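Coordinates in review
Residues per chain, in single letters:
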Amino acid sequence: MLVRTRVNGEWREADVWPGASLLSMLRDDLGLLGTKNACEQGECGSCSAWLDGEVVCSCLVLAAQAEGREVRTVEDLADGDRLHPVQQAFLDAGAVQCGFCTPGMVVAATDLLERDPDPSDEAVREALSGNLCRCTGYQKIVDAVRLAASRAGGGA
Amino acid sequence: MAQTAERVVGTEVRRKEDPELITGQARYSDDLAAPGMLWMKLVLSPFAHARITSVDVSPALQVPGVVAAFGGRDLAGEWAGPLPTAWPVTDDLKNPPMYPLATDEVRFQGEGVAVVLAESRAAAEDGAEAVVAEYDPLPVVLDMEEALKDGADLVHADLGTNASYTWTLTNGDVDAVFATAPVVVKERYVVQRQIPAAMEPRALLAEYAPAMGEYTLTTSTQIPHIVRVVLAAFVLGIPESKLRVRAPNVGGGFGSKIRVSPEESLALVLARRTGRPVKWTGDRSSDVLTTHHARDQIQEIELAADEDGRIRGYRTRLIANMGAYLLLVGPGVPLLGAFLFCGPYGGEAYHFECTGVFTNTTPTDAYRGAGRPEATYAIERAIDALARRVGRDPVEIRRMNFLPESDGPIPSPGGLTVDSGHYNGTLDKALELVGYEELRAEQRARRERGDAKQIGIGFSTYIEMCGLAPSRVLGSLKYAAGGWDAARIRVLPTGKVTAFVGVSPHGQGHATTFSQILSDDLGIPVDDIEVVHGDTALAPLGMDTYGSRSLSVGGVAVHRAADRIVEKARKIAAHELEVSEDDLEYVRGRFSVKGAPDRARTIPEVAFSAWTAHNLPEGVEPELDASAVYDPENFVYPYGAHICAVEVDTETGQVDVLRYAAVDDVGTIINPQIVDGQVAGGVIQGIAEALFEEAVYDENGDLLTSSLTNYEVPAASDVPSIRIDKTVTPSTTNELGVKGVGETGTIASPPAVINAVVDALSHLGVTEMARPATPERVWRAIQQAKGGAA
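Counting starts from 1 at the beginning of each chain's written sequence and moves along it residue by residue. By the order in which they are written, chains take letters starting at A while ligands take numbers starting at 1. Residues qualify for local features only when their pLDDT is at least 70, as the model is predicted, and side-chain atom pairs are given and counted only at 80 or more; totals for whole chains, interfaces and linings, by contrast, use all residues. Computation of side-chain values: all heavy atoms of the structure, hydrogens and water removed.

**Here we look at helix α16 (residues 603-612) of chain B**
Exposed residues in this analysis have more than 50% of their type's maximum accessible area, buried residues have under 20%, and partly exposed residues fall in between, with area computed by a 1.4 Å probe over protein chains only. Starting at the N terminus, helices and strands are each numbered in turn, a helix being any DSSP run of H or I of at least four residues and a strand any DSSP run of E of at least two. Those residues of α16(B) that fall on the buried side of the exposure criterion are Ile603(B), Pro604(B), Val606(B), Ala607(B), Ser609(B) and Ala610(B). Ala613(B), located one to two residues past α16(B), shows a positive phi value of around 60 degrees.

Here it is in structure tokens:
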């Protein structure tokens, strides 16, 4: 079936199997490989993307559900070689190790800061609790989110 | 100009790896595709133990998009041999063959019985579901102690036993020490089964070029070099030179990607048979069944001591679960802990014995720490038991038993020669960092008030051996390969540097760390250095990444290759400056004439001269390029003190980590931010091991914890922030003074957590706590101590 979706500001079309997930459409049909597949069960958040401004596990959303809607992925954050402030904070705080959870984590962190510009450590941990990371123990990820908040003038 | 003014070793250089990872531009195995590729899907056994009565793949071939399908017997003629173990730890080791697909009998849930190739992933999945495999169930062996009894059901009937091997080590007169010691403490612990659960499931792309007979395997692995030799020589029977193995970005390993897998073997063979590239990506539910599990030991440890608590002897007996087959290094994993059941403590006698046992479970192999977390768990729990017996404080008992403090090598009761260590130094710092006195005061206050929520403080003063490994030692332990590693440094004509290394990362930041070493050695900015790894066609032959070896072995090779660059450059610089080599002084990339510092040549200038080769000294070859292979003389021995404070709700059994202090000594630190990241990640993984994670089978051998949530990989909201500090005692094993940091956290932390839980409940009479310390287990332990029904 044909699905027409506005992805990162651009209308795109994909001919997908009716059971295909949004994740599969992004990765296999549209070549947006930054959104990762780690569980396909909605448990890990590696596939986090925005659907009409709300962060979803794209593995749990059918591609067909994105018809006519707005999808935003990790690829939309950086401007050329200029990192998004949240990405820059991840880099500066040392919040990345293997990097596999990172795109999803950056999406979730960016979404949090758009809603709450000065979250406490607890609020950060709660907001990111749908995104699993096996490498970092989360400590430097929390640091990164707080760093991004303070640079944006939200935090102390 | 190109010369860096300040040393960068020891500074928080931002990771070079990160921009592509953070933006989603990095390519992992599942991100790759090749024109015309087929998707591969395995059919896995739902039974833990069964005879295969039939496998009919013909229904799969009717599924639209399915191109081919094979049962185990259809491919039996393809294999030069079974998937081998590289670590036959004893001469009489029982090592039953495991092939990429089972043919007659399946021995764990998840063992492959058939394989399907299709034009799409969905068609491959539909095809795999259409395969009709029939089984005749056999008795299931799960309990290790039952498995070792006479008359037990057998995992491998033809072996006549479920025991694979028994390996022993004895130092000193153990029996005499235990016979005469006034105090003997005997403890039994169970280290539960773990699932490594890297975030990236294993995935691969196999390609074959028929005209050239060349195979290329791109795979999510920690060990591309070992995969190449093992697959080519032992499994496929093809010339090693015809197989190229690449590890692209790898999304975490923790030991789970140290393997030569059925999927890699099948994909290569099927790429050749179909003439088309073959892609396979493990979904999570099959990944938890087919990727190896880990730990799973029953431990008995005895300490012989004087009345005041000074330890004289150690005696350990382990049963280690191998699962259904021996994997690549599975049988050797317990041996990596064999020498460490004495921790950083002294004594005169030591005995270790381990029996590897087969069960109808997923085979086990390395997981972050491999053998050393188990050893540390046993000794750190047991020394607390000894402290309770002789009426000492846990700090006091550790201090009185520490090995002598030293900047140089010291022998240990386990037979190791520890490179250096100041154990009181890390302990002192950890006590301060955790706020020990304050915590004890709070603990007393809560006990006096009889609060429902009690506090406990637990210690782990650990030592590990890592930097695997001196090849001679590996040989003496019957490991089939060496422990050296290699680097090749090329200074390009414009003064930029490419470093080719034999170690192969999956999140550790090798490119950044090695660039820092080279930057100081050669005076080249970090940004002008590229590090190439993980491709057998480009990298020098190496031994890959595991056992905290990449820096302490691979990094030393990098440093030595850089020394050789400087040595060659010195000849060229002396020739151009018309002085003798002895008249040159070298400081970070710049040779200057002694007494005439303005007369100088930099490494980039020399590199250009070496490239034009217009005026080289007699006997010096063009190009500024050098290699080194480093085989360590000894292991390296990180150590430290971890202190955990927990709050235990005595009414619900809930455990929360209140504070955690990790003070490690990992020798010289190249990049503090990377080191702290390794420590924090490892500690949280170890806390999860102590409190949450456990692979559970039901009585039929069905894995119940088959997803990330019911296996309980922790989320950010489940775990604390920890306090991290260091002391620095350079290793005497290598000239960089580095000790390795990849595994310290998982080695140190589980006993600190469990000791804290026991301490929180000690006033109620609790002395034992099984792990993971789930609310139910904690609650039951409290009820049992109170004498109630539990």
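We are not done yet, so read on.
**Quick notes on the sheet that holds strand β25 (residues 624-630) of chain B**
Residues and elements named next belong to chain B. At least two bridges found by DSSP between two strands is the condition for calling them paired. Strands sit in the order β21-β20-β19-β25 across an open sheet of four strands; the sheet is mixed. In this open sheet, the two strands that pair with only one neighbour each are β21 (529-532) and β25. Strand after strand, the sheet turns through a mean of 15 degrees between neighbouring axes, direction not considered. Examined bridge by bridge, strand β20 (residues 497-501) and β21 share four bridges and lie parallel to one another. Counterpart to Thr 498 in the pairing with β21 is Glu 530. For this analysis, residues touch if any pair of their heavy atoms sits within 4.5 Å. Axis geometry follows a simple rule: fit a line to the C-alpha atoms, using only the stretch in contact for helices, then measure angles between N-to-C directions, giving values from 0 to 180 degrees. The sheet strands contacting helix α14 (residues 510-522) are β19 (485-491), β20 and β21, and the helix crosses β21 at an angle near 130 degrees.

**Describing the sheet that holds strand β18 (residues 453-463) of chain B**
Residues and elements named next belong to chain B. Overall, mixed pairing links the four strands, which are arranged β18-β26-β27-β28 in an open sheet. Both outer strands of the open sheet, β18 and β28 (723-726), are each paired with one neighbouring strand and no more. Pairs of neighbouring strands in the sheet enclose a mean axial angle of 10 degrees, with direction left out of account. Note that strand β26 (residues 639-649) and strand β27 (residues 655-665) share ten bridges and pair antiparallel. By the bridge assignment for β27, Glu 647 is matched with Asp 656. With respect to the sheet, helix α17 (residues 672-691) is in contact with β26, β27 and β28, its orientation differing from that of β27 by roughly 140 degrees. The strands touched by helix α18 (residues 744-761) within the sheet are β18, β26 and β27, with β18 carrying the most contacts at an inclination of about 145 degrees.

**What to know about the domain arrangement of chain B**
The figure often quoted for interface size is the accessible area lost as the parts come together. Residue and element names in this part refer to chain B. Throughout, the edges of the domains are those of an automatic or database domain assignment. As far as domains go, chain B holds domain 1 (18-25 + 484-630) and domain 2 (32-138 + 197-290). Taking the mean C-alpha position of each, domain 1 and domain 2 sit 39 Å from one another. Counting residues at the interface gives 19 residues for domain 1, matched by 17 residues for domain 2. A quick way to say it: buried area is the sum, across both parts, of accessible area lost when two parts are put together, with a 1.4 Å probe. Taken over both partners, the interface formed by domain 1 and domain 2 buries close to 1400 Å², and the fraction arising from carbon and sulfur atoms is 51%. The largest per-residue losses of area from domain 1 upon contact with domain 2 belong to His 506, Thr 536 and Asp 544, which jointly make up 44% of the total buried on that side.

**A word on the packing of aromatic side chains**
All names here are of chain B. In this analysis, rings of Phe, Tyr and Trp, with Trp reduced to its six-membered ring, are considered paired at centre separations within 6.5 Å, and the interplanar angle assigns stacked below 30 degrees, edge-to-face beyond 60, and tilted for intermediate values. Across all of its chains, the model carries 17 aromatic pairs over all chains by this definition. Judged by centre distance (5.7 Å) and plane angle (75 degrees), the ring pair of Tyr 189 and Tyr 377 falls under edge-to-face. Of this pair, Tyr 189 sits in strand β8 (residues 183-194) while Tyr 377 sits in helix α9 (residues 372-390), and the two are 188 residues apart along the sequence. Its relative accessible area of 1% is what places Tyr 189 among the buried residues. Taking the centre distance of 6.0 Å and the plane angle of 50 degrees together, the rings of Tyr 314 and Tyr 350 count as tilted.

**Concerning the state of the cysteines**
Pairs of cysteine sulfur atoms within 2.5 Å are identified as disulfides in what follows. All chains considered together, the criterion is met by zero disulfides over all chains. Among the cysteines around Cys135(A), which has no disulfide bond, Cys98(A) carries the closest sulfur, lying 3.8 Å off.

**Observations concerning the interface of chain A and chain B**
Each side of the interface is counted separately: chain A has 42 residues, and chain B has 52 residues. Between chain A and chain B, roughly 4000 Å² of surface is buried when both sides are summed, and carbon and sulfur atoms account for 56% of that area. Only one rule defines a salt bridge in this text: a Lys or Arg side-chain nitrogen within 4 Å of an Asp or Glu carboxyl oxygen. In this structure, the connection of chain A to chain B is made through six salt bridges. Note that Asp30(B) and Arg27(A) form a salt bridge whose closest N and O atoms lie 3.1 Å from each other. Polar contacts, as used here, are pairs of N or O atoms within 3.5 Å; protein pairs need one atom able to donate a hydrogen and one able to accept it. Residues neighboring in sequence count only if both atoms are side-chain atoms. One can count 28 residue pairs in polar contact (both at pLDDT 80 or more) joining chain A with chain B.

**Description of the pattern of salt bridges**
In this structure the tally under the stated criterion is 65 salt bridges over all chains. Note that Asp535(B) and Arg244(B) form a salt bridge whose closest N and O atoms lie 2.7 Å from each other. Taken together, the residues Asp535(B) in the loop between β21 and α15 (550-577) and Arg244(B) in strand β11 (residues 243-246) connect sequence positions 291 residues apart. Taking relative accessible area as the criterion, Arg244(B) reaches 32% and is therefore assigned partly exposed. In the salt-bridge network here, residues are joined through shared partners; they are Arg27(A), Lys36(A), Asp30(B), Asp31(B) and Lys279(B).

**Here we look at unusual backbone geometry**
Glycine aside, residues mostly have negative phi angles, and peptide bonds mostly take the trans form. Residue and element names in this part refer to chain B. Going from Leu 468 to Ala 469, the amide bond is cis rather than trans, its omega being -10 degrees. Relative to the assigned elements, Ala 469 resides in the loop between β18 and α13 (471-476). Backbone torsion omega between Arg 771 and Pro 772 reads 0 degrees, so that peptide bond is classified as cis. If you check the backbone angles, Glu 623 has positive phi at about 80 degrees while not being a glycine. Examined against the element boundaries, Glu 623 turns out to sit in the loop between α16 and β25. The class of Glu 623 is partly exposed, set by a relative accessible area of 33%.

**Concerning the domain arrangement of chain A**
Residues and elements named next belong to chain A. Entries for chain A in the domain assignment read domain 1 (2-76) and domain 2 (85-151). Listed per partner, the contact involves 15 residues of domain 1 and twelve residues of domain 2. Summing both sides of the interface, domain 1 and domain 2 together bury roughly 1100 Å²; the carbon and sulfur share of this comes to 61%. Looking at the side of domain 1 facing domain 2, the largest losses of area belong to Lys 36, Trp 50 and Val 74, adding up to 39% of the total buried there.

**As for helix α11 (residues 423-434) of chain B**
All names here are of chain B. One less than the residue count of a helix, multiplied by 1.5 Å, gives the span that helix is expected to have. The end-to-end C-alpha distance of α11 is 17 Å, a good match for the 16 Å that twelve residues give at a rise of 1.5 Å each. If you check which residues of α11 are buried, you get Tyr 423, Thr 426, Leu 427, Ala 430, Leu 431 and Val 434. Each buried residue of α11 lies within a common arc of 135 degrees when the element is viewed along its axis, so the set occupies one face. Downstream of α11 by one or two residues, Gly 435 has phi in the positive range, about 75 degrees. By construction, the arc corresponds to the directions joining the helix axis to the C-beta atoms.

**Comments concerning the pairing of strand β3 (residues 66-71) of chain B**
Residues and elements named next belong to chain B. With five of six residues buried, β3 is to be regarded as a mostly interior element. Pairing analysis gives five bridges linking β3 to strand β5 (residues 112-118), with the strands arranged antiparallel. Counterpart to Val 66 in the pairing with β5 is Ala 118.

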